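A look at the structure
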Amino acid sequence: MEESNSNKHIANNVARAIVAALDWNSTSDSRKAAVSFLESESCSYFDRVLSFVLKGIANWPMRSKILQVVIKFVQPPACITIKAGDVRVLASTSFVLVKRDWSSEIRLHAFKMLQHLVRLRWEELSPTEHRNFANAAVELMAEIANSCEEWALKSQTAALVAEIIRREGLELWKELLPSLVSLSSQGPIQAELVSMTLRWLPEDITVHNEDLEGDRRRLLLRGLSQSLPEILPLLYTLLERHFGAALSEVGRQQLDIAKQHAATVTATLNAVNAYAEWAPLQDLAKYGIIHGCGVMLTSPDFRLHACEFFKLVSQRKRPADASVSEFDSAMRNIFQTMMNVSRDILYKTGSSAGVMDENEFEFAEYICESMMSLGSFNFQCISGDSTILSLYLQQMLGFFQHFKLALHYQSLLFWLALMRDLISKPKVTAHSADGSAFNSAGASSGQADDEKRRTLSLVNDDMCVVMLDISFQRLLKKEKVFYGKSLSPAALELWSDDFEGKGDFSQYRSKLSELMRLVSSFKPLIAGAKISERILSIIKSIPNSQMPVQDLAVMESIQVALENVVNAVFDGSNDFAGGSSEVHLALCRIFEGLLQQLLSLKWTEPALVEILGHYLDALGPFLKYFPDAAGSVINKLFELLMSIPFVVKDPSVSSARHARLQICTSFIRIAKAADKSILPHMKGIADTMAYMQREGSLLRGEHNLLGEAFLVMASAAGIQQQQEVLAWLLEPLSQQWTQLEWQNNYLSEPLGLIRLCSETAFMWSIFHTVTFFEKALKRSGIKKGNMNLQSSSTIHPMASHLSWMLPPLLKLLRAIHSLWSPSISQMLPGEIKAAMTMGDAERYSLLGEGNPKLSKGALTFIDGSHVDMSKEGHTETNEADIRNWLKGIRDSGYNVLGLSMTIGDPFFKCLDVHAVGVALMENIQSMEFRHIRQLVHAALIPLVKHCPIEMWEVWLEKLLHPLLIHTQQALAFSWSSLLHEGKAKVPDVLGIFAGADLKAEVMEEKLLRDLTRETCLLLSTIASPGLNTGLPSLEQSGHASRVDASSLKELDAFASNSMVGFLLKHNGLAVPALQICLEALTWTDGEAVTKVSSFCASVILLAISTNNVQLREFVSKDLFSAIIKGLALESNAVISADLVGLCREIFMYLCDRDPSPRQVLLSLPCIKPQDLVAFEEALTKTASPKEQKQHMKSLLLLATGNMLKALAAQKSVNIITNVTMRPRSSVNAPETRIDEGETVGLAAIL
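Worth saying up front: this structure is predicted, and the values here are computed from it rather than measured. (Residues numbered from 1 in each chain as written. Predicted model: local features only at pLDDT ≥ 70, side-chain atom pairs only at ≥ 80, totals over all residues. Heavy atoms only, no water.)

Some points on the overall build of the protein chain
- A count of helical and extended segments in the protein chain gives 55 helices and four strands.
- Burial status across the protein chain gives 55% buried among its 1246 residues.
- Of the contacts formed within the protein chain by residues at least 6 apart in sequence, a portion of 75% connects residues at least 24 apart. (Helix = DSSP H or I, 4+ residues; strand = E, 2+ residues; numbered from the N terminus. Buried < 20%, exposed > 50% of the residue type's maximum accessible area, 1.4 Å probe, protein only. Contact = heavy atoms within 4.5 Å.)

Looking at the packing of helix 37 (residues 760-779) against helix 38 (residues 802-818)
- For the pair helix 37 and helix 38, interaxial distance at closest approach is 12 Å and the crossing angle is 130°. Here helix 37 lies oblique to helix 38, going by the angle between them. Helix 38 is crossed by helix 37, and the crossing has left-handed handedness. Residues Ile 766, Val 770, Phe 773 and Leu 777 of helix 37 touch helix 38, and the partners they reach there are Leu 802, Trp 804, Met 805, Leu 809 and Leu 812.
- For the contact of helix 37 with helix 38, the per-class residue count stands at nine nonpolar, no polar and no charged. (Axes fitted to C-alpha atoms, helices over the stretch in contact; angles between N-to-C directions. Parallel < 35°, antiparallel > 145°, perpendicular 65-115°, else oblique. Left-handed = near helix turned anticlockwise from the far one by under 90°. Nonpolar A, V, L, I, M, F, W, Y, C, P; charged D, E, K, R; others polar.)

Examining the pattern of salt bridges
- Scanning the entire structure with this criterion turns up 47 salt bridges.
- A salt bridge links Lys 683 to Asp 687; the nearest nitrogen and oxygen atoms lie 3.1 Å apart. Taken as a pair, Lys 683 and Asp 687 lie in helix 32 (residues 682-694) at a separation of four residues, close to a single helical turn.
- Residue Lys 683 is classed as exposed on the basis of its relative accessible area, which comes to 60%.
- One continuous salt-bridge network, built from bridges that share partners, spans Glu 1005, Arg 1009, Arg 1013, Asp 1085, Glu 1087 and Lys 1091. (Salt bridge = Lys/Arg side-chain N within 4 Å of Asp/Glu carboxyl O.)

Thoughts on unusual backbone geometry
- At Lys 985, a residue that is not glycine, the phi angle is positive and equals roughly 55°.
- Mapping Lys 985 onto the fold places it in the loop between helix 46 (952-981) and helix 47 (998-1022).
- In this model, Asn 1202 sits at a positive phi of 60°, which is unusual for a non-glycine residue.
- Its location among the elements puts Asn 1202 in the segment after helix 55 (1185-1199).

Some details on the state of the cysteines
- Overall, the coordinates contain zero disulfides when judged by the stated rule.
- In this model Cys 1016 remains outside any disulfide bridge; the closest cysteine sulfur is found in Cys 1077, 7.3 Å from its own. (Disulfide = S-S within 2.5 Å.)

Focus on the packing of aromatic side chains
- Applying the stated criterion across every chain, the model contains 30 aromatic pairs.
- On the basis of an interplanar angle of 35° and a centroid distance of 5.6 Å, the ring pair of Tyr 746 and Phe 762 is categorised as tilted. Here Phe 762 lies in helix 37 and Tyr 746 lies in helix 35 (residues 740-747), a separation of 16 residues in the sequence.
- A residue is classified by how much of its surface remains accessible, and Tyr 746, at 9% relative accessible area, is buried.
- Through a chain of ring-to-ring contacts, three or more aromatic side chains come together here, namely Trp 737, Trp 742, Tyr 746, Phe 762, Phe 773 and Trp 804.
- Sitting over the ring of Trp 200, Arg 199 keeps its end group 4.3 Å from the ring centre. (Phe/Tyr/Trp six-rings, centres within 6.5 Å; stacked < 30°, edge-to-face > 60°. Lys NZ or Arg CZ within 6 Å of the ring centre and 35° of its normal.)

Some points on the packing of helix 49 (residues 1067-1080) against helix 50 (residues 1086-1105)
- The N-to-C vectors of helix 49 and helix 50 enclose an angle of 130°; their axes lie 10 Å apart at closest approach. Taken as axis vectors, helix 49 and helix 50 run oblique relative to one another. The hand of the helix 49/helix 50 crossing is left-handed. Residue-level contacts link Ala 1073, Leu 1074, Cys 1077 and Ala 1080 of helix 49 to Val 1089, Val 1092, Phe 1095, Cys 1096 and Val 1099 of helix 50.
- When the residues that make up the contact of helix 49 with helix 50 are grouped by side-chain class, the tally is nine nonpolar, no polar and no charged.

Re the environment of Pro 645
- Inspection of the secondary structure puts Pro 645 in the loop between helix 30 (630-643) and helix 31 (655-674).
- Taking the C-alpha atoms as reference points, Pro 645 and Ser 697, separated by 52 residues in sequence, lie 9.0 Å from one another.
- Aside from chain neighbours lying at most four places away, what touches Pro 645 is Ala 656 and Arg 660.

A closer look at helix 28 (residues 606-618)
- The end-to-end C-alpha separation of helix 28 is 18 Å, in line with the 18 Å expected for 13 residues at 1.5 Å each.
- Inspection of helix 28 places Pro 606, Leu 608, Val 609, Glu 610, Ile 611, Leu 612, Gly 613, His 614, Tyr 615, Leu 616, Asp 617 and Ala 618 among the buried residues, and these make up the whole buried set. (Expected span 1.5 Å × (residues − 1).)

Thoughts on the side chain of Thr 1012
- Inspection of the secondary structure puts Thr 1012 in helix 47.
- For Thr 1012, a relative accessible area of 1% corresponds to the buried category.
- Looking at Thr 1012, its side chain comes within polar contact range of the main-chain oxygen of Leu 1008, at 2.7 Å.
- Residues within four places of Thr 1012 in sequence aside, it is in contact with Leu 971, Trp 975, Trp 1083 and Ala 1088. (Polar contact = N/O pair within 3.5 Å; in protein donor to acceptor, adjacent residues only side chain to side chain.)

A few points about the confidence of the model for the protein chain
- Per-residue pLDDT for the protein chain has a mean of 81; in total, 78% of the residues score no lower than 70.
- Looking across the protein chain, the model is least confident in helix 5 (residues 78-81), with a mean pLDDT of 36, and most confident in helix 45 (residues 929-946), with 96.
- Scored below 50 in pLDDT, residues 426-433 makes 24 contacts in the model with residues more than four places away or belonging to other chains.
- Taken as a whole, residues 784-791 scores under 50 in pLDDT and shows three contacts with residues more than four places along the chain or in a different chain. (pLDDT = per-residue confidence, 0-100.)

Observations regarding the environment of Asp 283
- Mapped onto the secondary structure, Asp 283 falls in helix 15 (residues 281-286).
- For Asp 283 and Phe 327, which are 44 residues apart along the polypeptide, the C-alpha to C-alpha distance reads 9.5 Å.
- Aside from chain neighbours lying at most four places away, what touches Asp 283 is Leu 228 and Leu 232.

Observations regarding the environment of Asp 881
- Tracing the backbone through its elements, the reader meets Asp 881 in helix 42 (residues 879-901).
- As a C-alpha pair, Asp 881 and Ala 835 span 46 residues in sequence and 8.1 Å in three-dimensional space.

Observations regarding helix 34 (residues 719-737)
- At Leu 730, helix 34 shows its largest bend, some 40°, and a proline, Pro 732, comes one to four positions later.
- Taken residue by residue, helix 34 has Ile 719, Gln 722, Val 725, Leu 726, Leu 729, Leu 730, Leu 733, Ser 734 and Trp 737 as its buried positions. (Bend = angle between axes of the 7 residues up to and from the residue.)

Written out as structure tokens, the structure is:
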């Protein structure tokens, strides 16, 4: 008792001192005296820590932040430091500070200190003190039950009591429950506090808390589950009592009292929502919770909180035990409740946008979201009741066609999931007389298929028509439509860029497209008729072949719809050709009629011509099954191409050029989709192309596209046809390309490219030649599906052309590379220098920003840059043209080399390796990072993959040695700069941004990481199994770790059947490659480490399998140390398991042959010799590699004092939130009355 009084005395003195230090009205002398007292010997260590922080109070405006710092002293890891402090003084002081004598700010922080004490230092109190503490907390609830108290303080009080109950467990809860029930009956404020407590109790069940052990969590769940018969009726009683009281007091105009009751209702609903995620659904139904929340849906003040309950329970999964029937019954009641509300919403707002205000819309969105969840998670609960199911589907269709985008979107998710399930790959598909697809797999499909068929029977023709019609209309973005125009769907709220939380438009449109394909696959006749009707109505609405610009977007969107429908109807997986002949003929009539209407159009405006071309190529799959129409489509495309002016006087007007290019790409799309239907028309296409060339009405870019289409057609006919087409297409190019005159004029000396850039027409001719080589290589060869039909000795159709294609290309690439060499770059004109820097598109791509708007006719490269094809034929070049030309030649040139390497021997035997080495590596040290990355990706990785073994010695040494030397040095420098100075200092960004621009730093780091990952991918490719067939495999048993010395081989033995062995044999390759491995492990890039780890594994395997002392020492010491250092980086967590496995292999297989593995482990800061002995003993007791890895992981954590961040347990973030999943903008709840400036409740203390 005496000690208790002493603690209280100290607590009061400490509290007064703290308040004096913080009080606005305190004099300077008073604050100094208070701080002096807190520093005195009469204070505990903890309080002196507080006093140290309080020294900063002289800066009065910072007091709130200083208080927050105070709170941090009782949070981990600082709580370890204050263990020496007296927890009783802390408790007593905090209980004093929560009294009404102090300001709200101080009281809030005192509550947080009490909560932390319970969570972190509870064990320091005795059982008697536990009960006294709990009683004091409950007394606080009664004291704070006052209308003048702020909601935040009441919430903290309830959170404190809940925290105590969770710590003490079931016994205390049983003791306190009667008190809480009694307290809740004393008035609305007391009831609100009890509801808050009940809401916080299950928080550790619904939100993972790493401080709560699994056993304690299970005990808490068991205790609360056992108490549900008391808790749920209490919540229902509070809900019923105070909802009725609130309505009654409003009727009596007693608004202040009504607000108190309303606050209790809100708190009770929040408590109900805390149980909705885990309490058995049948209990929620049995004790009236579902009914009570359903009643709340009728109240504008509480319906959003009630909606949260239904959203949570609608996602509950059906149990597998005997309670399934009770679950289904409860879930059907929920369905019925939601459908009743949905019916009213759709009746009021389904057809008119004017009658839905923001509050109504938010409520409707919650209801629709719950309806979607019900259908997605618990559809089976109503699938057996055709009446309920039919009504539910009708209502979801109503939401799908709702004018509000958010409601439509939720319904879209449901219909997409449902149709995916219903139209899931049947074993046998047939079409009924109405064109519907159905599964005829027979009785073996079971009950699930029966339910699917019943559901499909309810998805009738009218529903499919609505889904298709709405999908067609919603393919538009709001920004592209002018309402009030002839084709604009003015009644719908279309997608807008400010529509948050649903991804971007392309993701939304892809969902719509998938739904259209599913519906079209299910009802092909209806889909075909609907899309045909829609297109024909649009065509008829265009007067005099003219169309307002704002309506072009509508036509473009319908092309997407046509493509989806045709792809679904004529998809080979649907086995269309084997379907009902009646359906077959009906579809033929529909699409033939549509095609005839399209062919009869005489549009000449470039925009309309482009759209018509897209409509025609969208019908490509139709032509595959109806080849008779192919000829008329091809003729129409040529007619459209010739109808557009070839020469445009105003270069700024590029729509005509763009339209011509798009018509040419339509040939490619049709050639792909129509397959062999185009083969009979190849001669006619060739004759027309030749005629247009003779007439001078076909530009090179257009010719390339048509040539590519020709190659696609030929690929369907076989190798011989491809060879003939290639000879026809490439012969004219070879005559110009192989001439020495242009090579000597432009490529023989460094400044020749300057002259070439002034010859615009020839410059672009070279560009088109190189890009066509790339297309020819990509489009020729053997189709994947026909690989087994061809002999392995079949010569690639491009093989005979490599000998004349590649030498001039290598000269061209060498000349381009030389521009960046210091001796030449300083002599270049300003325009070319500027063109050598990154353009806007590349910068936007690196920064992750949206690309700038491209001009029509721009061809986009994979990295975001582009070449404006619409400027072909112009007589002037500018900086952007030169930049795009350089970029295009470089990328296509690298791709040509890489694709040529895939052909194999013809490439490696027809080229001089010295010429290749000079072209690619002569100026490697002047290359920028993005250029090296592209070179590695497009040319050197294919080299590694396809170089014949007998040519490794010649090709790999020549090309990889300079690359690895330079990249190792460049990456090491840039990573060192990034890690120590915060700037990567890559050459690509020099001169683009002035000063320490943040964007420049972001771009530099992105460029550095890209090159790092590509270099590590190169090493990973070198270590790929197909290139290392001679490597032995380690025994799976851990006891097989003692390698017989007589079985060890020379490293040379692996040089001919392992590329890693070959590389390690050559010091010029091995040294930089191994150095990259060591350094990559310590760079903060987990993706790069993931790639390079396989190379490390192969190196370790060779060290184990060979008698090479130098390699063994490197692995045992340098690589082992580097891997452990890599585990200290959190960025390597994703690959940590593999890295631990490498450590295991090094130790298990090399520790008896080299002392370094033990020395490395013993050098770690926290290891003791006996720890290593125990580790080795543990290894001998298990043959499981998995268990051995676990032992290695445990040892590494022990030896480093748990400092290996990559091995740290991946813990869930402790975020305690309200049960509400998203902010409500229109809930007039007491929770929103106070802006505390920070999170309150348990959320504030975790």
